[in-house]
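Architecture at a glance
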Amino acid sequence: MQELFFELLRVSIGQMDCLSRGPLPQEWHDIYTTAQRHGLTGVCYKGMERLFDYGLRAPQDLSIDWMADAEALRENQELLDIRCEKLVKKLGERKIRAAVMNGAGVRRFDGCESQQLSQTISIDIFIDCSMDRAIKFANQTGQQDIHCAYTSLALNAWADMPVNLCYRVLSARNPFVNRKMQKWFAQNKELMFRQSNDSISAPSLTMNAICMLQTFQQRLLSGKATVSFLLDYYYVLSQLSGDFQPFRDGSDMAKTLETLGLTQFAAGVMWVLQETLALDRKCMLCAPQAEEGHFILKELMAEKRSLWDLVHHYPMEMMWPRR
């Protein structure tokens with residue numbers, strides 16, 4: 001079933017015309033459940049529509065539920081984009097520079113319909129200020145109960161939509177690696193502010209290539225990684241097509257990955273993107289590595305993370321407490 005799920009994703013994004021075989025009724029239900037768990041019901045429904053020309057259809061009752069989910073998701077994403085704009089404007093009124101991150105930020109620069117249907121479960125905004133200034137802003141919105149983490153605080157802007165104000169973007173549990181990350185980010189911070197047509201800032205594609213990779217790593221370690229986030233990352237790399245913007249210190253992508261301790265993980269993610277979404281080799285950050293990729297894919301698709309396997313595979317990250 002897992003292979004059929006990824007085949008349907010490749011149909012959705014135009015990398016395949018049809019599935020290798022028609023799923024059985026139970027397999028359709030399993031694909032739907034997997035799509036729900038990974039925030040991809042909308043994207044996969046787009047693939048289902050493309051399969052109609054080949055006579056492949058899910059059971060009727062499931063198709064109706066799937067279509068309703070896709071339409072609800074589309075409306076929710078439109079609402080999320082509107083709220084992003086309102087929040088960025090409010091931050092600007094307080095003289096706080098802000099950039100929309102992750103899925104919502106990627107969508108501001110990509111016109112692909114399938115990507116517009118990829119589910120974003122929270123609004124993540126980078127704010128160019130200190131944690132104390134972020135707390136003050138939250139207080140100014142009327143929020144008194146504030147929970148701060150090392151990288152962000154949760155803003156209670158809307159009851160039905162999580163909002164994270166991020167005063168740090170990169171974060172490693174290993175304090176020695178984390179120190180390098182903070183220094184690198186401070187040098188390259190301006191790459192966070194690329195303006196879209198409506199003057200809302202988002203990270204440049206090259207900056208996203210680094211930041212989203214590291215975010216995906218931290219989500220994988222905490223058991224919160226989804227294929228939806230990986231699909232957003234696929235679109236970033238596809239748009240870049242290997243044309244990476246130079247970083248401030250003049251380092252190329254290989255040297256930057258080494259500096260941030262992401263070389264091995266990046267190689268594994270490139271393999272996953274190649275195997276599941278057929279990412280072109282010219283778009284990759286580095287050469288794919290199968291052994292690392294197999295582990296990442298296994299953890300990504302597991303319904304519950306294997307803490308012991310993660311500790312064994314990433315001891316220098318997992319031995320430190322989460323920030």
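I will try to describe carefully the structure that is included in this document. (Residues numbered from 1 in each chain as written. Predicted model: local features only at pLDDT ≥ 70, side-chain atom pairs only at ≥ 80, totals over all residues. Heavy atoms only, no water.)

1. Details of the overall build of the protein chain
Across its full length, the protein chain carries 15 helices and 6 strands. Projecting the C-alpha coordinates of the protein chain onto the three principal axes gives extents of approximately 55 × 40 × 35 Å. Buried positions account for 52% of the 323 residues belonging to the protein chain. Of the contacts formed within the protein chain by residues at least 6 apart in sequence, a portion of 68% connects residues at least 24 apart. Carbon and sulfur atoms provide 50% of the accessible area of the protein chain, an area that totals close to 14,800 Å². Here the protein chain contributes 36 positively and 38 negatively charged side chains, and the mean placements of these two sets differ by 9 Å. (Helix = DSSP H or I, 4+ residues; strand = E, 2+ residues; numbered from the N terminus. Buried < 20%, exposed > 50% of the residue type's maximum accessible area, 1.4 Å probe, protein only. Contact = heavy atoms within 4.5 Å. Areas by Shrake-Rupley, 256 points an atom, 1.4 Å probe, with all protein chains shown as cover. Lys, Arg positive; Asp, Glu negative; His and termini not counted. Charge placed at Lys NZ, Arg CZ, Asp CG, Glu CD.)

2. Examining the nonpolar core
Counting 84 residues, the largest nonpolar core has Phe5, Trp28, Trp66, Tyr233, Val269, Leu273 and Leu285 as its most contacted members. Contacts of Val269, omitting those with residues within four sequence positions, involve Leu213, Phe216, Leu230, Tyr233 and Ile296. Counting 24 residues, the second largest nonpolar core, distinct from the first, contains Cys84, Val100, Ile123 and Ile127. (Core = buried A, V, L, I, M, F, W, Y, C linked by side-chain atoms within 4.5 Å.)

3. Re the packing of helix H2 (residues 25-37) against helix H4 (residues 60-93)
Running from N to C, H2 and H4 point in directions that differ by 15°, and their axes come no closer than 11 Å. Comparing their axes, H4 and H2 come out roughly parallel. Read as a crossing pair, H2 and H4 show a hand that is left-handed. Every residue of H4 that contacts H2 at Trp28, His29, Ile31, Tyr32, Ala35 and Gln36 is listed here: Leu62, Asp65, Trp66 and Asp69. Split into classes, the residues belonging to the contact of H2 with H4 amount to 6 nonpolar, 2 polar and 2 charged. (Axes fitted to C-alpha atoms, helices over the stretch in contact; angles between N-to-C directions. Parallel < 35°, antiparallel > 145°, perpendicular 65-115°, else oblique. Left-handed = near helix turned anticlockwise from the far one by under 90°. Nonpolar A, V, L, I, M, F, W, Y, C, P; charged D, E, K, R; others polar.)

4. Side note on the pattern of salt bridges
Taken as a whole, this structure holds 11 salt bridges when the rule is applied. Across the pair Lys46 and Glu49 runs a salt bridge, and its minimum N-O distance is 3.9 Å. With Lys46 and Glu49 both in helix H3 (residues 41-51) and 3 residues apart, the pair spans about one turn of that helix. Here the salt bridges share partners, and the residues they tie into one network are Arg97, Asp128, Lys189 and Glu190. (Salt bridge = Lys/Arg side-chain N within 4 Å of Asp/Glu carboxyl O.)

5. Regarding helix H13 (residues 290-301)
Note that an α-helix has 3.6 residues per turn; residues three or four places apart therefore point the same way. An ideal rise of 1.5 Å per residue puts 16 Å on 12 residues; H13 measures up with 16 Å between its terminal C-alpha atoms. What H13 keeps buried is the set Glu292, Gly293, Phe295, Ile296, Leu297, Glu299, Leu300 and Met301. Looking at the packing, one finds that the buried side of H13 touches helix H1 (2-12), H2, helix H9 (205-221), helix H10 (227-240), helix H12 (263-277) and helix H14 (307-313). With a side-chain oxygen positioned 3.3 Å from the backbone nitrogen of Glu291, the residue opening H13 is Gln289. (Expected span 1.5 Å × (residues − 1). Polar contact = N/O pair within 3.5 Å; in protein donor to acceptor, adjacent residues only side chain to side chain.)

6. So, unusual backbone geometry
Despite not being glycine, Asn102 has its phi angle at roughly 55°, a positive value. Position of Asn102 among the secondary structure elements: in helix H5 (residues 102-107). Note on Asn102: relative accessible area 8%, which makes it buried. Despite not being glycine, Ala278 has its phi angle at roughly 55°, a positive value. As for its position among the elements, Ala278 is in the loop between H12 and H13.

7. Considering the pairing of strand E3 (residues 152-158)
Of the pairings in the sheet, the one linking E3 to strand E4 (residues 161-166) comprises 5 bridges and is antiparallel in character. By the bridge assignment for E4, Trp158 is matched with Met161. (Pairing = 2+ DSSP bridges.)

8. Some remarks on the pairing of E4
Note that strand E2 (residues 123-127) and E4 share 4 bridges and pair parallel. Note that in E4 the partner of Ile125 across the bridge is Leu165. Hairpin geometry of E3 and E4 is characterised by an intervening segment of 2 residues between the two adjacent antiparallel strands.

9. Considerations on H10
Under the 1.5 Å per step criterion, the end-to-end length of H10 is 20 Å for 14 residues, consistent within 8% with the ideal 20 Å. Judged by how many residues are buried, H10 sits mostly within the fold: 12 of 14 residues are covered. Val227, Ser228, Phe229, Leu230, Leu231, Asp232, Tyr233, Tyr234, Tyr235, Val236, Leu237 and Leu240 are the residues of H10 that are buried. Phi for Ser241, located one or two positions after H10, is positive at around 50°.

Purely geometric numbers; function is a separate question.
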